Amino acid sequence: MSDTIDVPKALSGTGSWLDDRFHGARGLRVLMRKVFPDHWSFMLGEIALWSFVILLLTGTFLALFFVPSSAPVVYHGSYVKLNGLTMSQAYASTLNISFDVRAGLLMRQIHHWAADLFMAALIIHMLRIFFTGAYRKPREVNWLIGIGLFTLGLLEGLFGYSLPDDQLSGAGLRIFEGVLQGIPIVGTYLSFFLFGGPYPGDIIIPRLYIVHVLLIPGLILALITAHLFIMVHQKHTQMPGLGRTERNVVGQPFFPYFIAKGTAWFFFIFAALALLATFAQINPIWLYGPYSPVQISSASQPDFYMGILEGSLRMMPAWEWNFLGHTISFSVLIPFAVPLTVVLGGAAFWPFFEQWATGDRSYHNVLDRPRNAPIRTATGMAAVVFYGVLWAEGANDVIADYTQIPLYTVTWIARVLIFVGPAIAFYVTRRICIGLQRKDRELLEHGLETGIIRQLPDGEFIEVHRPLDEEERAPLEAKKVPALMPAPGSEDENGVPAPQAHGALGRARAIANRAFAETITLETNGHGNGHGNGHGPPEEHAEIGPGELPESSIPHSDPLLWHPHEEPPEQS
Amino acid sequence: MSDMEEVEGPEGSGAPVPPHRVIGTPPPTPRLLGSGADDGGAADGHGAEVEPAEEKLPEVSDYPAHASNAEKIVAFCFVLAFIAGCGFIAAYIGLEVGSVDSVFRSNLALGLSLSVALVGLGFGALIWVRQLMPDVEMVEERHELRSSDADREAFDEYFVEGTAASQFVKRPMVRRTLLLATLPLAAIPIVVLRDMGPLPGTSLRHTVWSPGRRLLVYGTNQPITPAEFSAPGQSITIVPEGYTDDLDVLAKATVTLIKFRPGELQIPTVSNGGTLIGTMNWTVDNIVAYSRICTHVGCPVGLYEQTTHHLLCPCHQSTFDASTGATVIFGPAPRPLPQLPLTTDAQGYLVAKSDFTQPVGPSFWERG
């Protein structure tokens, strides 16, 4: 704060008054100078946060007019095509919001778009966290909170779009009921308790309503609060770069920079949602008509975040067991439980698996570039493909319609792809990561191609390379590779097996460890095997000049893929 | 302060304005909170040892030369936002709703003005921070997350002391009765949910179809004779007489009625555990009635393809062959659509011969 700024008396007085009572200056002083690292991908979580704020604002407005009741009324509102029809009050009041409340349609559409954006932002934010390894110690709990938020978001969305009681959302609720009934032992009871008797009953709308407007938003709000407090307390991660270490944060301070940027971002997101709500119609419930369990329309699709469940249901073959007078419907249970368990359970489990496989218990505040963690990146891409196939299968009828591929063929392709796709994705991604690591090594050793061609005295043409400067080298050199553990079945000189690699679990761990530790060695972050540690000046390997021959300057012409089967240099 | 890690700007990298970095000097007297006029506690010593590292933001004189241009742009954005905001209010007051066209007009005006107002505010704030505020890059040291050994030891000590003082471990009778006391309390939130609904009983096994109950055409609610339903390939939705508006009933009892050409309909006689569940004897003049509720998760099986006699559920594409007893030919549905036994009454109208002989709709645990 500069001496040249005069603080107005009113502000000064208020500030003093507050601090005398709440001791606020001490904490706020630190908060004002809290440093926020600058990277575009750090704004993804913010999209989710601001979407949630917009959901609360628009949702409150909608709640002023929505009537959460299944009681039948005869409609006599402004939408004349449905005039005289008997419908639930929920549906009638949603029509009312759309056609008789000024700005009602805008609020409805912003609310719906914001829900979709919230879930999309959560997914992309989680992918960013995963692929950069931001979930590692000390941030595992925040990663789990994020998964909890995603799960709650799914439920919140499902219950929310079921509220208007239109034909489309009614179909979703019917499927929900069918799945609920399929749960062994308690399914029938759960369904009867939730719907207050046989489906659809007349109490499900008020029940969904209170869960949608109070219970789940309250939980989401609590989890977001915890998420943010933990993030502030643990401080941000940062991308690798010059001057960025595990012990610092480089960026811009909260006040005034981040406040201004965060506010601008909020307005942009709100503006984007308002534009969508203006020009892109979403959930036109008046076209679907009031819900009737007798009717259905073709190409019924849920909102995109439910697509994975919808696709799983469509993909599943008709498996069912009858035994001892009981029915277990795998054609419902597996789609309901398995995909989300694989994706979300796997995500929750991963940080601990990685710690176990790498033996890495240290703090990680500098992020990994995805290429530098091939196994993680490949696993992530496999999960993306797994999710993507299920998601696309959720619209198999639309795909079949567009591509003119027969519907059953589309489903069969998906049934194969769900197993083959992730495996291919894993293999290809891992190869790409290793290829990119080779490119990094190439850049560090030979610098950038300048496009300048020179002729040597003996007539040979070469391209001049420019060495990377310090700032360009820093992110490349920040690569860290997990330490190798003893090989499976390895023994010390006395024939005692290495304790970590002992037993089946130990062998599995050693194999996993080998996969994680695979890397292309850089001459500067010396993994210790072979050539010098290269912490010398960068010019050492990267002279510009006519004397440099690309071939002769490679000190080791074989690709230095670090083979985990070799004896680890750290172990003796 | 001299040991603060210095981060060098991107020298020679062609960046227009290298981040300005100033290593801190002691902060001036904080003026925002006054000069300690009414606290009198200025001499307190506690906390002085954990001064956060101070870096100063650049002075105003370091502002780029184009600041006045930027200032005008920011002000323009804010004025635009003001005008658009006023436009929203004007559109709200001026534009009526109450018909499809007027609602879309109102939505366009309100949405557009709101968007412009928000975009104006967003760009104003962004240009402000990017162009007017001096570019800085600060380095903040991370604190150790792990508490000091002394703190951890003290915590251990207090915990052990406290546990000992409470005698929680030493007095098992207190401990066990406490746990016992919490058990019913923990169960109460579950128990009190009991009245959310009745027990299912056998209600999922039955529908309202009973001998002699007429089939009514959905929509017109009129009974129908085989003669009125004589065009082969025709298919209509049927609801039970007396329950045409009862959604709970319709969710189970709705039926699809299909007329076939002679010879096309060939339903094999199928029994399940001694109960007849499908037979040609339940058809009338090549008219057959199947439950409309999908045996997968309960969507109405709404699509009928005349040429192939396929019934298709649009939700998950379970496909049934209507000509052979609605057997499953594709998709996740585990069994055929139940067949409703048909006959005609004295007036010649189509009626049910009995209820379905098996539960309709999705599988459930007790179904067997």
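Residue numbers here run from 1 along each chain, matching the order of that chain's written sequence. For naming, the first written chain is A and the first written ligand is 1, with later ones following in the order written. Totals for whole chains, interfaces and linings use all residues, but because this is a predicted model, local features are given only for residues with pLDDT of at least 70 and pairs of side-chain atoms are given and counted only at 80 or more.

Helix and strand definitions follow DSSP, with helices as H or I runs of at least four residues and strands as E runs of at least two, each counted in order from the N terminus. The secondary structure content of chain A amounts to 18 helices and 8 strands. Three exposure classes are used, based on other C-beta atoms lying within 10 Å of a residue's own C-beta, which is placed from the backbone: buried for 20 or more, exposed for 12 or fewer, and partly exposed in between. The buried share among the 572 residues of chain A stands at 42%. We call two residues in contact whenever the C-beta atoms placed from their backbones are within 7 Å. The contacts of chain A with a sequence gap of at least 6 include a subset with a gap of at least 24, amounting to 72%.

If you tally the helices and strands in chain B, you get 5 helices and 13 strands. The long-range fraction of contacts in chain B, counting pairs at least 24 apart against all pairs at least 6 apart in sequence, stands at 60%.

Here we take up the sheet that holds strand S11 (residues 327–330) of chain B. All names here are of chain B. If you walk across this open sheet you meet the 4 strands as S8-S9-S10-S11, and the pairing is antiparallel. The two strands at the open ends of the sheet, each matched to only one other strand, are strand S8 (303–305) and S11. For this sheet, the mean angle separating the axes of adjacent strands, direction not counted, is 30 degrees. Here a strand pair is declared whenever DSSP counts at least two bridges between the two strands. With 3 bridges connecting them, S8 and strand S9 (residues 310–312) associate as antiparallel partners. Bridging across to S9, Tyr-304 finds its partner in Leu-311. Axis geometry follows a simple rule: fit a line to the C-alpha atoms, using only the stretch in contact for helices, then measure angles between N-to-C directions, giving values from 0 to 180 degrees.

A few words on the domain arrangement of chain B. One frequent convention defines the size of an interface as the accessible area lost when the parts assemble. Domain borders in the structure are assigned automatically or taken from a domain database. Each assigned domain of chain B is listed with its residue range as follows: domain 1 (55–132) and domain 2 (207–363). Inter-centroid distance (C-alpha atoms) of domain 1 of chain B to domain 2 of chain B is 60 Å.

The next point concerns the nonpolar core. Looking at soluble globular proteins, one finds that nonpolar side chains tend to be buried together. One finds Ile110(A), Ala114(A), Phe118(A), Phe267(A), Phe270(A), Leu273(A) and Leu118(B) to be the most contacted residues of the largest nonpolar core, which totals 174 residues. With residues up to four places along the chain from it excluded, the contact list for Ile110(A) reads Ile54(A), Thr58(A), Leu273(A), Ala274(A) and Ala277(A). Counting residues in hydrophobic clusters, the runner-up holds 6 residues, among them Phe36(A), Val249(A), Val250(A) and Met138(B). In these notes, a nonpolar core means any group of buried Ala, Val, Leu, Ile, Met, Phe, Trp, Tyr and Cys residues linked to one another through C-beta atoms within 7 Å.

Once that is clear, we can look at the pairing of S11(B). All names here are of chain B. Strand direction decides the pairing type here: strand S10 (residues 319–321) and S11, joined by 3 bridges, are antiparallel. Among the inter-strand pairings, Phe-320 is bridged to a residue of S11, identified as Val-328. Hairpin connection from S10 to S11: 5 residues lie between these consecutive antiparallel strands, with Gly-325 at a positive phi of about 90 degrees.

What follows concerns the pairing of strand S4 (residues 255–259) of chain B. Remark: a regular strand shows side chains that alternate across the two faces of the sheet. Residues and elements named next belong to chain B. Judged by how many residues are buried, S4 sits mostly within the fold: 5 of 5 residues are covered. A two-sided burial pattern is seen for S4, the buried positions comprising Val-255, Leu-257 and Lys-259 on one face and Thr-256 and Ile-258 on the other. Pairing of strand S3 (residues 235–240) with S4 involves 4 bridges; the strand directions are antiparallel. Paired with Ile-238 across the bridge in S4 is Val-255. Here S4 runs beside strand S7 (residues 287–291); their pairing, made up of 5 bridges, is antiparallel. Note that in S7 the partner of Lys-259 across the bridge is Ile-287.

In this section: the confidence of the model for chain B. Regions with low pLDDT carry predicted coordinates that are not meant to be interpreted in detail. Residues and elements named next belong to chain B. Note: pLDDT gives the predictor's confidence per residue, expressed from 0 to 100. For chain B, per-residue confidence averages 86 on the pLDDT scale, and 84% of positions sit at 70 or higher. A low-confidence stretch, residues 24–30 (pLDDT under 50), is modelled with 10 contacts involving residues beyond four sequence positions or located in other chains. Counting interchain partners and residues more than four positions distant, the pLDDT-below-50 stretch residues 36–52 has 7 contacts. Predicted complex, confidence summary: ipTM 0.87, pTM 0.88.

Scored by pLDDT, chain A comes out at a mean of 88, with 90% of its residues at no less than 70. Within the model, pLDDT remains below 50 along residues 525–572 of chain A, and this stretch shows 57 contacts once partners closer than five positions in the same chain are excluded.

Residues and elements named next belong to chain B. At a minimum axis separation of 8 Å, helix H1 (residues 67–94) and helix H2 (residues 100–132) run at an interaxial angle of 160 degrees. One finds that H1 runs roughly antiparallel with respect to H2. Here the hand of the crossing between H1 and H2 comes out left-handed. In the contact of H1 with H2, the residues fall into 22 nonpolar, 7 polar and 1 charged. We call two directions roughly parallel when the angle between them is under 35 degrees, roughly antiparallel when it is over 145, roughly perpendicular when it lies between 65 and 115, and oblique otherwise. Crossings are classed by handedness, with left-handed meaning an anticlockwise turn of the near helix from the far one by less than a right angle and right-handed meaning a clockwise turn. Put simply, Ala, Val, Leu, Ile, Met, Phe, Trp, Tyr, Cys and Pro go in the nonpolar bin, Asp, Glu, Lys and Arg in the charged bin, and everything else, Gly too, in the polar bin.

Moving on, we come to the interface of chain B and chain A. With 87 residues of chain B in contact, the opposing surface of chain A contributes 102 residues. Examining the composition of the side of chain B that touches chain A, we find that 18 residues originate from one element, H2(B), more than from any other. Its residues assigned to classes, the side of chain B that touches chain A shows 52 nonpolar, 22 polar and 13 charged. Bridging between strand S4 (residues 248–253) of chain A and strand S1 (residues 138–141) of chain B involves 4 bridges; their strand directions are antiparallel.

Read across the sheet, 3 strands follow the order S1(A)-S4(A)-S1(B) without closing on themselves; strand pairing throughout is antiparallel. At either margin of the open sheet sits one strand with a lone partner, and together these are strand S1 (35–36) of chain A together with S1 of chain B. Of the strand pairs in this sheet, S1(A) and S4(A) are connected by 2 bridges, and their pairing is antiparallel. Following the sheet pairing, Phe36(A) is matched in S4(A) by Gln252(A).

Attention shifts here to unusual backbone geometry. All names here are of chain A. Here the amide bond leading from Tyr-199 into Pro-200 is cis, since omega sits at -5 degrees, within 30 degrees of zero. Among the structural elements, Pro-200 can be located in the loop between helix H8 (187–195) and helix H9 (204–234). Geometrically, the link from Phe-255 to Pro-256 is a cis peptide bond, its omega value of 5 degrees lying close to zero. The topology assignment puts Pro-256 in helix H10 (residues 254–279). Positive phi, normally seen in glycine, also occurs at Leu-324, with a value near 50 degrees.

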